[in-house]
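Chains, contacts and geometry: an overview
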Amino acid sequence: MNADIIGFSILLLGVGLVVAKLVRLKFAIFSKFFLPSSIIAGFLFLIIGPEILGRILPNFEVFANLEYGLLTEEIVTVFSSLPALLISVIFAALFLGKKIPHIKEIWLTAGPQVSFGQTVAWGQYVLGILLAIFVLSPVFGLPYMSGALIEIAFEGGHGTAAGLASTFEDVGFAEGADLALGLATIGVVSGVIFGVILINWGVRKGKTNFLKDPKSLDETELRGIVGLESEEEKPSAGRLTVSPYSIAPLALHVGMIGVAILLGRGILELLVRLENATWGADDGVIIMGYLPLFPLAMLGGVIVQVFLDKYDSYGLIDREMIKRLQGLALDFLIASAIATLSLQVLGANIWAFLLLAIVGILWNVGAFLFLARRMIPKNWFERGIGDFGQSMGMTAAGLMLIRIVDSKGDSKALEAFGYKQLLFEPFVGGGIMTALSVPLIFNFGPWPLLIFVTIVMIIWLLVGLLYFGRMDASKID
């Protein structure tokens, strides 16, 4: 495969995203449910690719050679390779350009959401592993590793599901990646649908403190357009921190993300070498060898940011610029991951897939309705709805739901949501535990991990109910 094919494939993804945006503008149904253009683009490529057109067209003699639909084998190969690369970019950028606050500040501002979010995440493991032990494995023949799919897909989202494809393949459960991607898609769509339903219910029942009209978003916001107002009123996508004649600002920020990824790669290599020299030697237990790069790229980003906090007196990194690069990587990742989704795998495991989806959705909705109000003493609806959106597979969905219920930021839900990630994403939702869950079940079986995740879930549940739940709301920032 040459560079031209790789470059053309990336350009094709970009064109697909533009077409998807036009589709989203043209058809109100996509705007109504805030479906991202990247998901629409992914499904467009899925339709014209080997899984749909590639199965239909070869039935006609004139199209006998179009087994990859309107795409080519090389393009599909590039698409399938991109998610594992781009997920490291996304996670390396998580904390870059964001001053790492003191742990006490995080705890007082976002502690209730941390406890709620952690309870939901570890609960997804508990229910998933129980489901694998008693139903998925004995009834449907799936390996016990399927018990990690709910957390990987719902809490982790498309990026994490796609990024773990090589791990699934290494442990002999290659179809796990397709199941996780399918579940992540279900999670995002149902997250937005159920999120809007919950918001309407909250308004009717007087649960929301700031939103009284659930139809408060105007037409441009629904369509995903920023401002038909004057150019001066449009928000900036980023600001210059260096003079372009010295180095292009985007090049500097890409370089910083690269430093973070290289640090993560170095840490991973050290861990693998340590494992091979100790517990992994002589056919021992291998865990780090299955660990993907992206959670350690996130750690590399934290190291870079701590260094910048201490030594960068010029403010070289702009957080908004980093977020734009992160968003670019995420859009391309989602589109390419869905484009190469195996419908055959989903069809072969349809009942197990639906069961996982239903259990995941019921747990997330139930946790929001019954636990959020008891664990978050101040503005529980506004703060909890963001965590609900994230738990359904997409941080952006959580941010969108917060924006609907608190457009002016009076509840400080957005600030707390951001702080929460510092004590959340290093561990679950794409963090170390998410990356290790499949190798751990593969090596030790489901029962040890079930006991561990149950204990952790109970600890966070008790912290939320007995500590934050009983705390004076005035002490919560």
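Quick notes on the rules
- Residues numbered from 1 in each chain as written.
- Predicted model: local features only at pLDDT ≥ 70, side-chain atom pairs only at ≥ 80, totals over all residues.
- Heavy atoms only, no water.
- Phe/Tyr/Trp six-rings, centres within 6.5 Å; stacked < 30°, edge-to-face > 60°.
- Helix = DSSP H or I, 4+ residues; strand = E, 2+ residues; numbered from the N terminus.
- Buried < 20%, exposed > 50% of the residue type's maximum accessible area, 1.4 Å probe, protein only.
- Lys NZ or Arg CZ within 6 Å of the ring centre and 35° of its normal.
- Axes fitted to C-alpha atoms, helices over the stretch in contact; angles between N-to-C directions.
- Parallel < 35°, antiparallel > 145°, perpendicular 65-115°, else oblique.
- Contact = heavy atoms within 4.5 Å.
- Nonpolar A, V, L, I, M, F, W, Y, C, P; charged D, E, K, R; others polar.
- Core = buried A, V, L, I, M, F, W, Y, C linked by side-chain atoms within 4.5 Å.
- Expected span 1.5 Å × (residues − 1).
- pLDDT = per-residue confidence, 0-100.

**So, the packing of aromatic side chains**
Considering all chains together, one arrives at twelve aromatic pairs under this definition. Ring geometry for Phe-307 and Tyr-311: centres 4.9 Å apart, planes at 45°, overall tilted. In this pair, Phe-307 and Tyr-311 both sit in helix H13 (residues 294-311), four residues apart, roughly one turn of the helix. In this structure Tyr-311 comes out as exposed when scored by relative accessible area, which is 52%. Within the aromatic cluster, the residues linked to one another by ring pairs are Phe-368, Trp-380, Phe-381 and Phe-388. Here Lys-420 stacks its cationic end above the ring of Phe-424, 4.2 Å away from the centre of that ring.

**Let's talk about the packing of helix H1 (residues 3-26) against helix H14 (residues 319-339)**
The N-to-C vectors of H1 and H14 enclose an angle of 95°; their axes lie 10 Å apart at closest approach. The orientation of H1 relative to H14 falls into the category roughly perpendicular. Taken together, the residues of H14 that come into contact with H1 (itself represented by Ile-10, Leu-13, Gly-14 and Leu-17) are Asp-331, Phe-332, Ala-335 and Ser-336. Among the residues forming the contact of H1 with H14, the class breakdown is five nonpolar, two polar and one charged.

**Topic: the nonpolar core**
Ranked by internal contacts, the top residues of the largest apolar core, which has 136 residues, are Phe-116, Trp-122, Ile-257, Phe-368 and Ile-385. Here the element with the most residues in this core is helix H6 (residues 103-140); it accounts for 14 residues. The contacts of Ile-257, once residues within four sequence positions are left out, are Val-89, Ala-92, Ala-93, Leu-96, Ile-322 and Leu-325.

**Quick look at the side chain of Asp-318**
Mapping Asp-318 onto the fold places it in the loop between H13 and H14. A relative accessible area of 6% places Asp-318 in the buried class. Discounting residues that sit within four places of it in the chain, Asp-318 has contacts with Gly-238, Arg-239, Thr-241 and His-253.

**Here we look at the environment of Tyr-68**
When you line up the elements, Tyr-68 lands in the loop between helix H4 (53-56) and helix H5 (73-92). For the pair Tyr-68 and Arg-55, spaced 13 residues apart in the sequence, the C-alpha separation amounts to 8.0 Å.

**Details of the side chain of Gln-113**
Among the structural elements, Gln-113 can be located in helix H6. On the basis of relative accessible area, Gln-113 is assigned to the buried category, the value being 0%. Leave out the neighbours within four places in its chain, and Gln-113 touches Ile-376, Arg-383, Asp-387, Ala-413, Ala-416, Phe-417 and Lys-420.

**Comments concerning helix H17 (residues 380-391)**
An α-helical turn contains 3.6 residues, so a residue and the one three or four places further along point in the same direction. Its twelve residues give H17 an end-to-end C-alpha distance of 16 Å, which sits within 8% of 16 Å, the value for a rise of 1.5 Å per residue. Across the twelve residues that make up H17, a large majority, twelve, are buried. Within H17, burial applies to Trp-380, Phe-381, Glu-382, Arg-383, Gly-384, Ile-385, Gly-386, Asp-387, Phe-388, Gly-389, Gln-390 and Ser-391. Of the residues trailing H17, Gly-393 is marked for its positive phi of about 120°.

**Some details on unusual backbone geometry**
Positive phi values are uncommon outside glycine, yet Asn-379 reaches one of about 50°. Inspection of the secondary structure puts Asn-379 in the loop between helix H16 (350-375) and H17.

**Focus: the confidence of the model for the protein**
Looking at the protein as a whole, its pLDDT mean stands at 85, while 91% of the residues score no less than 70. Mean pLDDT per element in the protein: helix H11 (residues 219-223) is the minimum at 60, and helix H21 (residues 446-468) is the maximum at 95.

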